[in-house]
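This is what each chain is made of:
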Amino acid sequence: MFTVMAPIEVAELRARLFLLVLCLTLWADVLHFAAATIQGYIGDRDIICPSVCRCDEDFIYCNDRGLSSIPPLPPSASVLYLQNNHINNPGLPTSLEHHLTVRVVYLYDNELDEFPVHLPPSLRELHLQDNNIRTIPRSALARMPLLEKLHLDDNSVSTVSIEDQAFADNPRLRLLFLSRNHLSSIPSGLPASLEELRLDDNRISTIPTHAFRGLSSLRCLVLDGNLLANQRIADDTFSRLCNLTELSLVRNSLQTPPLNLPTAHLQRLSLQDNALTHMPRGSLDGMRRLQRLDLSGNNLTTLPRGLFRDLDSLGQLLVRGNPWHCGCNLRWLYDWLHARGNSITVRGLTCHGPERVRDMALKDLTSQMEECEVVRTAGNRGGAGVSDSSTTLSPPQGSLFTLRSKRPGLGLPDSGLDYTLGSSGVGKSLALNVKPLSHDSVRVTWSVAQPTSSFRLSWLRLGTSNDMGSITETLVRGDRREYLLTSLQPGSSYIICMVPLTASSGGKGTVSGDVDSDEALVCAKAETSDFSLMDGGQKEEEDSQQMTTLPLAGIIGGASAIVSLALIFAVFCWYGHRAGRLSTRDHYSRSSSRKSKNYDDYIESGTKKDNTILEIRGPGFQMTPMAACPPLQPKPLREDYIIHTIFPSNGTGLYKGANHVTNTGYGTNRGYREGGIPDIDYCYT
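Note that the coordinates shown come from a computational prediction; the quantities given were computed from them, not determined experimentally. (Residues numbered from 1 in each chain as written. Predicted model: local features only at pLDDT ≥ 70, side-chain atom pairs only at ≥ 80, totals over all residues. Heavy atoms only, no water.)

Q: Quick question: what am I supposed to make of the overall build of the protein here?
A: Within the protein, the secondary structure is distributed over ten helices and 27 strands. Buried residues in the protein amount to 39% of all 685 residues. Counted over contacts in the protein with a minimum sequence separation of 6, partners at least 24 positions apart contribute 57%. Element-wise, carbon and sulfur atoms account for 54% of the exposed surface of the protein, whose accessible area totals about 37,700 Å². (Helix = DSSP H or I, 4+ residues; strand = E, 2+ residues; numbered from the N terminus. Buried < 20%, exposed > 50% of the residue type's maximum accessible area, 1.4 Å probe, protein only. Contact = heavy atoms within 4.5 Å. Areas by Shrake-Rupley, 256 points an atom, 1.4 Å probe, with all protein chains shown as cover.)

Below, the structure is given as C-alpha cells:
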C-alpha cells in the first residue's frame with residue numbers, strides 16, 4: 001500500500017509547489033509593476049516645467065513674461081532666465097535657496113530694490129543689472145560662497161551703501177561690474193581673487209595709494225567716464241597692479257598719462273577723450289607687450305622723440321581727433337612708422353598744421369620730411385633719434401602726492417641756487433615774459449627776431465633741495481606767441497625757459513638748443529600765489545570794480561526807469577483814449593434812460609440831419625429817418641419816422657397791437673412782406 005500511494009503524494013506535492021511558485025511569480029510581477037509606476041510618477045515630477053515658462057532640459061526660460069514673482073521650479077534647474085519681468089523682492093520665494101543645482105541666474109531689468117537674500121548657495125554667476133538696488137550687504141553675499149561673477153550695473157549703489165568687508169566671504173569672485181552707479185571712490189575690501197573690475201560712468205574723482213592694494217590678480221580695470229584728474233591720482237596707484245593687461249581711462253580730465261603705469265603685462269591702454277596736451281618722454285617706457293594704444297580725442301600737437309622706443313609689440317595706434325603739427329618735430333615718428341611697415345595700423349594721424357600740409361597723413365610727407373635734419377645717436381630703436389639734450393619729464397601730477405624726479409639733462413638753472421631771474425628774459429633772438437594769472441596758472445608770452453618752426457617750452461618747479469622739483473616740457477608751434485600753463489602748484493616758484501627751434505640757411509631744421517643751448521636758452525621766473533592771498537586780492541579787485549562801475553550803473557538804471565515809466569504812461573493814455581471812444585458809442589442810449597433829451601442834446605448827438613440808420617439799443621427794432629424835416633425848434637415838434645420791426649430769419653412775425661394804423665400814402669414794402677415782415681407801421685415822436 002505504501003508503495004502504491006507514494007507516487008500520488010509526490011504528484012500532489014509537485015502541484016502544490018507549482019501553484020506556490022506561480023503565486024509568488026504573480027506577486028513579484030505586481031510588486032514590480034507598482035514600483036515601476038511609482039518610479040515613473042517620480043520621474044514625471046522631475047521634468048515638470050512651469051506653465052508660463054519654457055524648459056530645455058535644465059535651462060528654464062521665464063524671461064519677458066510679465067512675472068511679478070518666480071514660479072515653482074523643477075529640482076533639476078541649473079540656469080534660470082528671469083530677466084525683463086516685474087519681479088520685486090517679495091516675489092523671490094524662500095524655497096529658491098533649496099535648489100542646489102542652480103549655477104546661473106539672470107534677474108536683470110526687474111524691480112528689485114534690495115539685494116536678494118534667498119538665492120541658492122551653489123550660484124556661480126548672478127546678473128542684477130538694471131534694477132534699483134541701493135545697498136550691498138555682507139550677509140547676502142555670504143550666502144553665495146561659490147560666486148564668481150557679479151553684475152550690478154545700472155543700479156543706485158553708492159560708496160557708503162557698500163557694507164564694510166562686503167566681499168570678504170566670496171573668495172572666488174573674479175568679475176565685478178559696478179558701472180553706472182553712484183560711486184564717489186573705489187570700493188574698499190575688494191577680494192584678492194578679482195580679475196576684472198568695471199567702475200565706468202560713476203563719480204569717482206580721487207584714487208588714493210591704497211585703492212587697489214591686494215589686487216595682484218586684477219587683469220582688466222575700466223574707469224571710463226569719471227571725474228579723474230592728474231592732481232587727484234596718487235603716484236603709485238597703478239604700479240601695484242603688476243598683472244594688469246588692460247587699462248581704460250576714457251572720458252576723464254587727464255592732462256598727461258598717470259604716473260608709474262604697470263608695464264610688465266599691459267596690452268591695451270585707452271586714454272581717448274581726455275584733455276591730454278602732451279605725452280612726457282618716458283611715460284610709455286617698458287611697455288614691451290602693449291598691443292593697442294588709443295590717444296584719440298585729445299589736444300596733442302606733437303609727441304616727444306623716443307616715446308615709442310619700447311613698443312615693439314604695438315599693432316594699433318589710434319590718434320584721431322588731435323591737432324597734429326607735422327613739422328620736423330615729428331620726423332622721428334615718420335621714420336618709426338616707415339620702419340614698422342605693415343606690422344602696425346595707424347588711424348587718424350592727419351596733419352592739422354602747417355597750412356601747406358593740412359589734412360595730409362604724416363606717412364605721406366616724404367618730401368617735407370626729407371628737408372628736416374635729425375640728430376641721431378647710436379642705440380635708437382625704430383628710427384627714433386634721441387639727442388643728447390633729451391630730458392626726463394614728469395607729468396604735472398601729484399598736487400596731493402609729491403613725485404621726486406631726476407635732474408633733467410636740459411641746461412636749466414639749478415633750483416638750489418639763488419638766481420636773479422625776473423618775470424622776463426631776453427636773449428639774442430627771443431624775448432620771454434611770464435605773468436601769473438591765478439594760484440595755479442601762468443601766462444607765457446614771447447617775441448622773436450626771426451621766424452622759427454617751433455619752440456621748446458620747459459618749466460621747472462623749484463624745490464627745497466637739488467633733488468626736488470619736477471620739470472615738464474612741450475613743443476609749441478612757431479606761429480604762436482602765447483601759452484597758458486595750468487595745473488601748477490599754488491604758492492610755488494617756477495623757472496620757465498624757452499628754446500627756439502630755428503631753420504638754418506640750408507633749409508633744414510636744426511635745434512638751436514642742441515647746438516648752442518647757452519645762447520638760445522631764455523628763462524624767466526614766476527611765482528604762483530596762495531589761495532588765501534588770491535582770495536583777498538580778488539575781493540579787493542571786486543570792491544574797486546564795484547566802486548568804479550557804481551555811477552555808470554546808476555545812470556543806466558535811471559535811464560531804464562524813465563523809459564519804462566514813459567512806456568507805461570503811453571499805454572495808459574492809449575487805453576484811456578480807446579475806452580473813451582467806446583464809451584461815446586452808448587452815450588445816447590445811456591442818457592435817454594436817465595432823463596429826456598432837450599434841443600442841445602439832439603444837436604450834440606448828431607440826429608438833426610443824420611440820414612444813416614440809427615440803432616435803438618432795444619432788441620428787435622431799427623429806426624430809419626424819413627425825408628428831410630424842418631430844423632428842430634426849441635419848442636416840441638412832430639417828426640415822422642418809419643419803424644421797421646426786425647424779425648428773425650425764420651420768417652416768424654411779431655404781434656400787432658389793436659392801435660395799429662396803416663398809412664396807405666406810403667404804400668407797402670413787399671420785399672419785407674415776402675420775407676415775413678409786415679407792412680410799414682406809422683407812428684409819431
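Q: I would appreciate a short explanation of the pattern of salt bridges in the present structure.
A: Should their charged atoms come close, side chains of opposite charge can pair. Enumeration according to the criterion identifies 17 salt bridges in this entry. Taking the shortest distance from any N to any O, the salt bridge between E246 and R268 comes out at 3.9 Å. Taken together, the residues E246 in strand β10 (residues 246–248) and R268 in strand β11 (residues 268–270) connect sequence positions 22 residues apart. You can call R268 partly exposed: its relative accessible area is 36%. Several salt bridges share partner residues, and in doing so they unite E148, R174 and E195 into one network. (Salt bridge = Lys/Arg side-chain N within 4 Å of Asp/Glu carboxyl O.)

Q: How should empty space enclosed by the protein be read in this particular structure?
A: Gaps between atoms show up when a probe of the same size as a water molecule is rolled over them. Applying the stated criterion across every chain, the model contains two cavities of 30 Å³ or more. The volume enclosed by the second largest cavity comes to roughly 40 Å³. Lining the second largest cavity are T301, T302, H325, N329, S454, L475, V476 and R477. It is strand β21 (residues 471–477) that provides the largest number of residues to the lining of the second largest cavity, a total of three residues. (1 Å grid on protein atoms, 1.4 Å probe; cavity = no way out; pocket = protein on both sides within 12 Å on 5 of 7 lines; lining within 4 Å. Points joined across faces, edges and corners; volume = space filled by probe spheres on them.)

Q: Explain unusual backbone geometry to me, please; I cannot follow it from the model alone.
A: Excluding glycine, residues mostly have negative phi values, and the peptide bonds linking residues are mostly trans. Following G353, the chain continues to P354 via a peptide bond in cis, the omega torsion being -5°. Backbone geometry places N260, a non-glycine residue, at a positive phi of 55°. Residue placement: N260 occurs in the loop between β10 and β11.

Q: What am I meant to see in the pairing of strand β23 (residues 493–501) here?
A: Successive residues of a regular strand alternate their side chains across the two faces of the sheet. Counting buried positions over the nine residues of β23 gives nine, a clear majority of the element. Taking every second residue as pointing to the same face, both faces of β23 are buried, with S493, I495, C497, V499 and L501 on one and Y494, I496, M498 and P500 on the other. Sheet topology note: the strand β20 (residues 454–461)/β23 ladder contains eight bridges and is antiparallel. What sits directly across from L457, in β23, is M498. Here β23 runs beside strand β24 (residues 522–527); their pairing, made up of six bridges, is antiparallel. Residue pairing for β24: S493 is matched across the bridge by E527. (Pairing = 2+ DSSP bridges.)

Q: Quick question: what am I supposed to make of the side chain of Q231 here?
A: Looking at where Q231 falls in the secondary structure, it is placed in the loop between β9 (220–222) and β10. For Q231, a relative accessible area of 17% corresponds to the buried category. At 3.0 Å, the side chain of Q231 and the side chain of S487 are in polar contact. (Polar contact = N/O pair within 3.5 Å; in protein donor to acceptor, adjacent residues only side chain to side chain.)

Q: Explain the state of the cysteines to me, please; I cannot follow it from the model alone.
A: Taken as a whole, this structure holds four disulfides when the rule is applied. One disulfide in the model links C497 with C523; its S-S distance is 1.9 Å. Judged by the sign of its S-S torsion, about 110°, the bond between C497 and C523 is right-handed. Separated by 26 residues along the polypeptide, C497 in strand β23 and C523 in strand β24 bring together distant segments of the chain. (Disulfide = S-S within 2.5 Å.)

Q: Would you take a moment to explain the side chain of S78 for this structure?
A: With respect to the helices and strands, S78 occurs in the loop between β2 (59–61) and β3 (79–81). A polar atom in the side chain of S78 sits 2.6 Å from the side chain of D58. When residues no more than four places from it in sequence are discounted, the contact partners of S78 are D58, T101, V102, R103 and V104.

Q: How do you make sense of the packing of aromatic side chains when you look at a structure like this?
A: The geometry of an aromatic ring pair is captured by two quantities: the separation of the ring centres and the angle between the planes. For the coordinates displayed, the defined rule picks out eight aromatic pairs. When the centroid spacing of 4.7 Å and the interplanar angle of 5° are considered together, the rings of Y61 and Y81 count as stacked. With a gap of 20 residues between them, Y61 in strand β2 and Y81 in strand β3 connect regions that are remote in the sequence. An identical accessibility class is assigned to Y61 and Y81; each is buried. Through successive ring pairs, a cluster of aromatic residues spans Y61, Y81, Y106 and Y108. Over the face of the ring belonging to Y61 we find R54, whose NZ or CZ atom lies 4.3 Å from the ring centre. (Phe/Tyr/Trp six-rings, centres within 6.5 Å; stacked < 30°, edge-to-face > 60°. Lys NZ or Arg CZ within 6 Å of the ring centre and 35° of its normal.)

Q: What exactly am I supposed to notice about the nonpolar core here?
A: Soluble, globular proteins show a tendency: their nonpolar side chains are buried together. Residues F212, L223, F238 and F308 are the most contacted members of the largest nonpolar core, which totals 92 residues. When contributions to this core are tallied by element, the ones reaching two or more residues are α2 (138–142) and α3 (331–340). It is α3 that provides the largest number of residues to this core, a total of five residues. Look past the residues within four positions of F308 in its chain and what remains in contact with it is L284, L293, L303, L317, W332, L333 and W336. Judged by nonpolar contacts, the second largest core, of 19 residues, contains L432, V434, Y483 and A524. (Core = buried A, V, L, I, M, F, W, Y, C linked by side-chain atoms within 4.5 Å.)

Q: In this structure, what is going on with α3? I would like to understand it.
A: Given 3.6 residues to a turn, an α-helix orients residues that are three or four positions apart in the same direction. Most of α3 is tucked away, with eight of its ten residues classed as buried. Taken residue by residue, α3 has R331, W332, L333, Y334, D335, W336, L337 and R340 as its buried positions. Buried residues in α3 make contact with β15 (345–347) and α4 (366–370). Once α3 ends, the next one or two residues include G341, with phi positive near 65°.

Q: I would appreciate a short explanation of the pairing of strand β19 (residues 441–448) in the present structure.
A: Inspection of the sheet shows strand β18 (residues 430–438) paired to β19 by eight bridges, in the antiparallel sense. For L432, the partnering residue across the bridge sits in β19 and is W446. Between β18 and β19, which follow one another and run antiparallel, lie two residues.

Q: Help me understand the environment of T472, please; the structure alone is not making it clear to me.
A: Mapped onto the fold, T472 is located in strand β21. Judged by relative accessible area, which is 4%, T472 ranks as buried.

Q: Help me understand the confidence of the model for the protein, please; the structure alone is not making it clear to me.
A: Close reading of the predicted structure is inappropriate where its pLDDT is low. Taken over all residues, the pLDDT of the protein has a mean of 75, while the share at 70 or more is 66%. Segment residues 374–420 is flagged for pLDDT under 50; beyond a separation of four residues in sequence, or across chains, it makes 121 contacts in the model. Throughout residues 464–468 the model reports pLDDT below 50, and contacts reaching past four residues in sequence, or to other chains, amount to 13 contacts. (pLDDT = per-residue confidence, 0-100.)

Q: Where do I start with the environment of C220 in this structure?
A: Tracing the chain through its elements places C220 in strand β9. A relative accessible area of 7% places C220 in the buried class. C-alpha separation for the pair C220 and E196, spaced 24 residues apart in sequence, amounts to 4.7 Å. Residues in contact with C220, not counting those within four places in the same chain, are E195, E196, L197, R198, L244 and E246.

Q: What should I look at first to understand the environment of S493 in this one?
A: Structurally, S493 can be placed in strand β23. Using a relative accessible area of 19% as the deciding quantity, one classes S493 as buried. S493 sits 33 residues away from A526 along the chain, and the two C-alpha atoms are 5.9 Å apart. Leave out the neighbours within four places in its chain, and S493 touches L460, R461, L462, K525, A526 and E527.

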